[in-house]
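Reading the structure
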Amino acid sequence: MSVKVKDIMGVMESIAPKKLAEGWDNVGLAIGDPEREVTKILVALDVIDPVVEEAKAIGAEMIVTHHPMLLFKKIESITTENALGRRIFNLIENGISAFSAHTNLDIAAGGTNDVLAELAGLENVEILDETWAQTFKKIVVYVPVGHEDVVRNAMCEAGAGHIGAYSHCTFGAQGKGTFLPLEGTNPFLGEQGKLEVADEIRLETIVPAEQVNGVVKAMIAAHPYEEAAYDIYPVEQKGKAEGIGRIGELPEAVPFKEFAAMLKEKLGLDAIRLVGDPDKMVKKVGLCTGAGVGFTALAHAKGCDAYLTGDIKYHEAQEAVEKDIGVVDVTHYASEVLIVPVLQKKLTEAAKENGWDIEVVCSKVNGQTFWNI
C-alpha cells in the first residue's frame, strides 16, 4: 500500500503531539508536499547538508529529524547565496520533504528525555518541569427517559466519559423538562403551541477539552430532539501531565565520577565534561536533553545529586558548584541522537501495522560537532 507524507505526519503526531511543543518552537513539515508519495524515509537528528546528500543517495523522499531546520533562522529571502537557501533549493529540487518533532518530542512520553533516562539507568522516573496538562470540560445534556443509553453510548464512543482505566463514566438524574414548540417546529414530543412537560434524564460526563466538539456533534446526532438542550462547564481538575526533563533514581548510590564514566561509555564519547565533586555520592539524578542547563536550579531544588544536559557555559557551571550539584555535559548531540533509532523503530512498526510499502532507515552521518585531542 502506498503512503504519503501526510500519513507519516499522522504517525509522528501520535508519537509527539504538536500541542506539546513550546510556543517558540517551529515543528512539523518545513519543506514538502503532504500529498507526495513516500517509499523511503531517512531519520536523523538534523537537516544538515550531509544528511540531505545521504537522502538523495539512498532515494529517500522524506527526512524526519528532531531539530527543525528553520528553528532559529529568520528567512527574508531564499537564494543560493547562503547555506540555508541552497539547502532548501536542494530539498525542493529533489522532491525531499523535511519534517521535525522538537520540543514536543522532548516532552512526550517515550521521547528524548525518557530515552536518556533509560540509558542512564534511572528508576522511578518523573517529569522535571511540567509544561502541559490535559484539561477537561463537563457536558450536561437533557434526554427524554428511555433514550439516555443511546445518547450516552454516542458521547462515550466519541471520547467522553474516560476516567483513568474506566470508560463510559456518566451520571444521570431524573427530572421534569418543559418546552413549548413554536410555529415551524416538528417536536419529538408534544405539539406546536402547547407547553410540554417531559420526563427527562440530566446526563453528565467529563470530556477532554480538545474532544468537546466531536462529542457534542455525536450527542446531537444521537439525540431524539430537534433541539438538544445541553451545557458545557469548565472543570478544575487536570488529567495526564507532560513536561520537559526527567528525574529518577539510580539503583544504588555511586560516586559522581563513576556515574559519569558509565555515561561516557554508554554514549560513546571520547571525553566528558564534569562540574562538581568527583567523589560526591549520587543517587537522585535530573536530566534534560539538548541545551537544558536552565533547569539545573530546579533539579537541585528537587533534591537531585547530579544533573545531565549539554551546552554548559562557564557561569552556569559556577552556579552548579555553588549549589553543590554535580553536572555532566554529555553534549547536545550525544544526548539527543539517541532518539534516531527509536523513531526509526516506531515508524517501521507503524508501517507494518498499516500495511505500508515503505522503508525507514537511520542516518549514518555523524553530526557531532565537538571532538577532543
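Structure: above.
Residues numbered from 1 in each chain as written. Predicted model: local features only at pLDDT ≥ 70, side-chain atom pairs only at ≥ 80, totals over all residues. Heavy atoms only, no water.

1. What about the packing of helix 6 (residues 148-157) against helix 7 (residues 212-222)?
The criterion, for reference: Inter-axis angles, ranging from 0 to 180 degrees, are taken between N-to-C directions of lines fitted to C-alpha atoms, where helices are fitted over the stretch in contact. The secondary structure listing takes helices from DSSP runs of H or I that are at least 4 residues long and strands from runs of E that are at least 2 residues long, numbered from the N terminus. Angle categories are assigned with fixed cut-offs, so that under 35 degrees is roughly parallel, over 145 is roughly antiparallel, 65 to 115 is roughly perpendicular, and the rest are oblique. Crossings are sorted by hand: turned counterclockwise from the far helix by less than a right angle, the near helix makes the crossing left-handed, and turned clockwise it makes it right-handed. We call two residues contacting when some pair of their heavy atoms lies within 4.5 Å. In this count, Pro and Cys sit with the nonpolar residues alongside Ala, Val, Leu, Ile, Met, Phe, Trp and Tyr, while Asp, Glu, Lys and Arg are called charged and the others, Gly among them, polar.
Interhelical geometry of helix 6 versus helix 7 gives an angle of 155° and a closest axis separation of 8 Å. Compared by their axis directions, helix 6 and helix 7 come out roughly antiparallel. Crossing of helix 6 against helix 7: the hand is right-handed. Contact residues: helix 6 offers V150, V151, A154 and M155, while helix 7 offers V215, A218, M219 and A222. Grouping the amino acids of the contact of helix 6 with helix 7 by side-chain chemistry returns 8 nonpolar, no polar and no charged.

2. Remarks on the pairing of strand 12 (residues 281-287)
On a regular strand, each side chain points to the face opposite its neighbour's, so the side chains alternate between the two faces of the sheet. Cut-off, in case you're wondering: By this definition, two strands are paired if DSSP reports at least two bridges between them. When the strands point away from the viewer and the connection leading from the first strand across the helix to the second strand turns clockwise, the crossover is called right-handed.
Both strand 10 (residues 230-255) and strand 12 contribute to a ladder of 6 bridges, which runs antiparallel. Counterpart to E249 in the pairing with strand 12 is K284. Since strand 12 and strand 13 (residues 306-309) lie parallel, the crossover through helix 9 (residues 296-301) that links them has a hand, and here it is right-handed.

3. As for the nonpolar core
The condition that has to hold: Among the buried residues, those of types Ala, Val, Leu, Ile, Met, Phe, Trp, Tyr and Cys that are joined through side-chain atoms within 4.5 Å form a nonpolar core. Relative accessibility under 20% of the residue-type maximum defines a buried residue, over 50% an exposed one, and the middle range a partly exposed one, all with a 1.4 Å probe and only protein chains included.
Counting 66 residues, the largest nonpolar core has I8, I41, V64 and F259 as the members making the most contacts within it. Top element by residues in this core is helix 12 (residues 339-354). It accounts for 6 residues. Setting aside residues no more than four positions away along its own chain, F259 makes contact with A120, L250, V254, V282, V285 and L308. In terms of nonpolar packing, the next biggest core, distinct from the first, is built from 16 residues, V52, A60, L84 and L91 among them.

4. Section: the sheet that holds strand 9 (residues 196-208)
Strand order across the open sheet formed by 8 strands is 8-9-7-10-12-13-14-11, with mixed pairing between neighbours. Pairing within the sheet leaves two strands with one partner each, and these edge strands are strand 8 (170-179) and strand 11 (273-275). Going across the sheet, the axis of each strand differs from the next one's by a mean of 25°, ignoring polarity. Pairing analysis gives 13 bridges linking strand 7 (residues 123-144) to strand 10, with the strands arranged antiparallel. Within the sheet, the bridge partner assigned to D129 lies in strand 10 and is I244. Sheet strands touched by helix 8 (residues 256-267): strand 10, strand 11, strand 12, strand 13 and strand 14 (326-329). Its angle to strand 10, the strand with the most contacts, is close to 105°.

5. Re the packing of aromatic side chains
Here is the rule we go by: Only Phe, Tyr and Trp rings take part, Trp by its six-membered ring, and two of them pair if their centres are within 6.5 Å. Stacked means planes under 30 degrees apart, edge-to-face means over 60, and tilted covers everything else.
The tally for this structure, following the rule as stated, stands at 2 aromatic pairs. Ring geometry for F188 against Y225: centres 6.2 Å apart, planes inclined by 50°, an arrangement best described as tilted. Taken together, the residues span a long stretch of sequence, with F188 in the loop between strand 8 and strand 9 and Y225 in the loop between helix 7 and strand 10 at a distance of 37 residues. Judged by its relative accessible area of 41%, F188 falls in the partly exposed class. Through a chain of ring-to-ring contacts, three or more aromatic side chains come together here, namely F179, F188 and Y225.

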